[in-house]
Amino acid sequence: MSIADNLEHVRGSIAAACARAGRNPADVTLIAVSKTHPPALLLEAAAAGVQHFGENRVEEAESKIPRVTAALVETGRAAPTWHMIGHIQSRKAKEIPPLFQVVHSVDTVKLAEKLARLVEERDQRLDVLLEINISGEASKGGFAASGWERDPAVRDQVWADVRQIAALPALNVRGLMTMAPIVPAMEDARPVFAGLRALRDALAESLGLALPDLSMGMTDDYPVAIEEGATLVRIGRAIFGEREVTL
Ligand SMILES: *Cc1c(COP(=O)(O)O)cnc(C)c1O
């Protein structure tokens, strides 16, 4: 299967999930997660219509992003939008603003403040999503929100953190991001996606924020994520095939 064939299949599944949920496919943005893959494959995906790419490591992005963007612009195509979806170490934060337009993995107030300072210095703003650990898995990063409906201490901490980040003028907080646990059937991930949406709705209402975006859904679970309101799906293997290296 070529990347173009894979994309056609993914777009069909996105459209089918939207139809089941009564949603407009134009409200779901496909982010092709290109981590570990060489620039040539990204260019192939771009030729098949991909406009958004997701990368998860700063070191890898530093060499790939300028090359792929330059190659596309030189041939008269639009520069893609680059999404950072992986954990950002504090000392690497300064590399982010020149490379990425959207960061999905803001996981501490400290990182948010650092990114805000960096983009301010560049007279820019940055679109960000706040990564939320909704499942409560110890191995997952993000703001710990598991149990927020029942536990006032959890709720207060999440609310305080989001309020603090939303007050940073250099950051445009677009919404929330999560990763579902690895489960035997995609249906099992539904409560996590519904939980992220419920948290978004509650935060938006009580803090008066727009929070239009939900970044959720990967190769194994994106149809269910879309049914539960995903606006950004991050899909790697279904487009590029299995990765040789796991990151
Ligand atoms: C790798 C990765 C993805 C894509 O995973 P696939 O299973 O290849 O679709 C999505 N989100 C994040 C945060 C990732 O690291």
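Because the structure is a prediction, the values reported are computed rather than measured.

Draft legend 1. Here's a closer look at the overall build of the protein. Looking only at helices and strands, the protein features 9 helices and 9 strands. Within the protein, buried positions represent 49% of all 247 residues. By sequence separation, contacts in the protein at least 24 residues apart represent 62% of the contacts at least 6 residues apart. When the accessible surface of the protein is summed, it comes to about 11400 Å², and 51% of that surface belongs to carbon and sulfur atoms. Each charge sign in the protein was given a centre, from 27 positive and 33 negative side chains, and these centres are 3 Å apart.

Draft legend 2. Looking closely at the packing of aromatic side chains. Under the defined criterion, the tally for this structure stands at 2 aromatic pairs. Against the face of Trp159 rests Arg155, its NZ or CZ located 4.0 Å from the ring centre.

Draft legend 3. Molecular detail of the packing of helix α2 (residues 39–47) against helix α3 (residues 58–74). Running from N to C, α2 and α3 point in directions that differ by 45°, and their axes come no closer than 10 Å. On the basis of the axis angle, α2 is oblique to α3. Remark: the crossing between α2 and α3 carries right-handed chirality. On α3, the residues touching Pro39, Leu42, Leu43 and Ala46 of α2 are Lys64, Arg67, Val68, Ala71 and Leu72. The class makeup of the residues in the contact of α2 with α3 is 7 nonpolar, no polar and 2 charged.

Draft legend 4. Main features of the site of the ligand. As a structural note, the neighbourhood of the ligand is formed by Val33, Lys35, Ile85, Met179, Met218, Thr219, Arg234, Ile235, Gly236, Arg237 and Arg243. Arg234 is positioned such that a nitrogen or oxygen atom in its side chain is 2.9 Å from a nitrogen atom of the ligand. Arg237 places a side-chain nitrogen or oxygen 2.8 Å from an oxygen atom of the ligand. Summarising the interface, the protein chains cover 95% of the accessible area of the ligand, which totals 390 Å² for the free molecule. When atom positions are compared with the pocket grids, the ligand is found to occupy the largest pocket. When grouped by side-chain class, the residues that make up the shell around the ligand number 5 nonpolar, 2 polar and 4 charged.

Draft legend 5. Structural context of the layout of surface pockets. The volume enclosed by the largest pocket comes to roughly 670 Å³. Forming the walls of the largest pocket are 25 residues, and the residues nearest its centre are Lys35, Met179, Met218, Arg237 and Arg243. The class makeup of the residues in the lining of the largest pocket is 13 nonpolar, 5 polar and 7 charged. The calculated volume of the second largest pocket comes to roughly 180 Å³. Around the second largest pocket, the lining residues are Arg11, Ile14, Pro25, Val28, Thr29, Leu30, Gly49, Val50, Gln51 and His52. At the level of secondary structure, the elements contributing two or more residues to the lining of the second largest pocket comprise α1 (3–21) and β1 (29–33).

Draft legend 6. Looking closely at the pairing of strand β2 (residues 52–55). In this sheet, β2 lies alongside β1 in parallel orientation, the contact comprising 2 bridges. Bridge assignment links Val33 to a residue of β2, and that residue is Gly54. The sheet contact formed by β2 and strand β3 (residues 81–84) spans 4 bridges and is parallel. Bridge pairing in β3 places Gly54 opposite His83. The parallel pair β2 and β3 is bridged by α3, and the resulting crossover is right-handed.

Draft legend 7. Here's a closer look at the pairing of β3. Two elements, β3 and strand β4 (residues 102–106), share 2 bridges in a ladder whose sense is parallel. Across the sheet, the residue bridging to His83 is Val102, located in β4.

Draft legend 8. Highlighting α3. With 17 residues, α3 extends 24 Å from end C-alpha to end C-alpha; this agrees with the ideal 24 Å at 1.5 Å per step. Every buried residue belonging to α3 is among Val58, Glu60, Ala61, Lys64, Ile65, Val68, Thr69 and Leu72, and all of these are buried. Along its buried surface, α3 packs onto α2, β2, β3 and α4 (96–99). The positive-phi residue at the C-terminal boundary of α3 is Gly76, with phi of around 80°.

Analysis parameters
Residues numbered from 1 in each chain as written. Predicted model: local features only at pLDDT ≥ 70, side-chain atom pairs only at ≥ 80, totals over all residues. Heavy atoms only, no water. Helix = DSSP H or I, 4+ residues; strand = E, 2+ residues; numbered from the N terminus. Buried < 20%, exposed > 50% of the residue type's maximum accessible area, 1.4 Å probe, protein only. Contact = heavy atoms within 4.5 Å. Areas by Shrake-Rupley, 256 points an atom, 1.4 Å probe, with all protein chains shown as cover. Lys, Arg positive; Asp, Glu negative; His and termini not counted. Charge placed at Lys NZ, Arg CZ, Asp CG, Glu CD. Phe/Tyr/Trp six-rings, centres within 6.5 Å; stacked < 30°, edge-to-face > 60°. Lys NZ or Arg CZ within 6 Å of the ring centre and 35° of its normal. Axes fitted to C-alpha atoms, helices over the stretch in contact; angles between N-to-C directions. Parallel < 35°, antiparallel > 145°, perpendicular 65-115°, else oblique. Left-handed = near helix turned anticlockwise from the far one by under 90°. Nonpolar A, V, L, I, M, F, W, Y, C, P; charged D, E, K, R; others polar. Near = heavy atom within 4 Å. Polar contact = N/O pair within 3.5 Å; in protein donor to acceptor, adjacent residues only side chain to side chain. 1 Å grid on protein atoms, 1.4 Å probe; cavity = no way out; pocket = protein on both sides within 12 Å on 5 of 7 lines; lining within 4 Å. Sits in = over half its atoms within 2 Å of the grid points. Points joined across faces, edges and corners; volume = space filled by probe spheres on them. Pairing = 2+ DSSP bridges. Right-handed = clockwise from strand over helix to strand, strands pointing away. Expected span 1.5 Å × (residues − 1).

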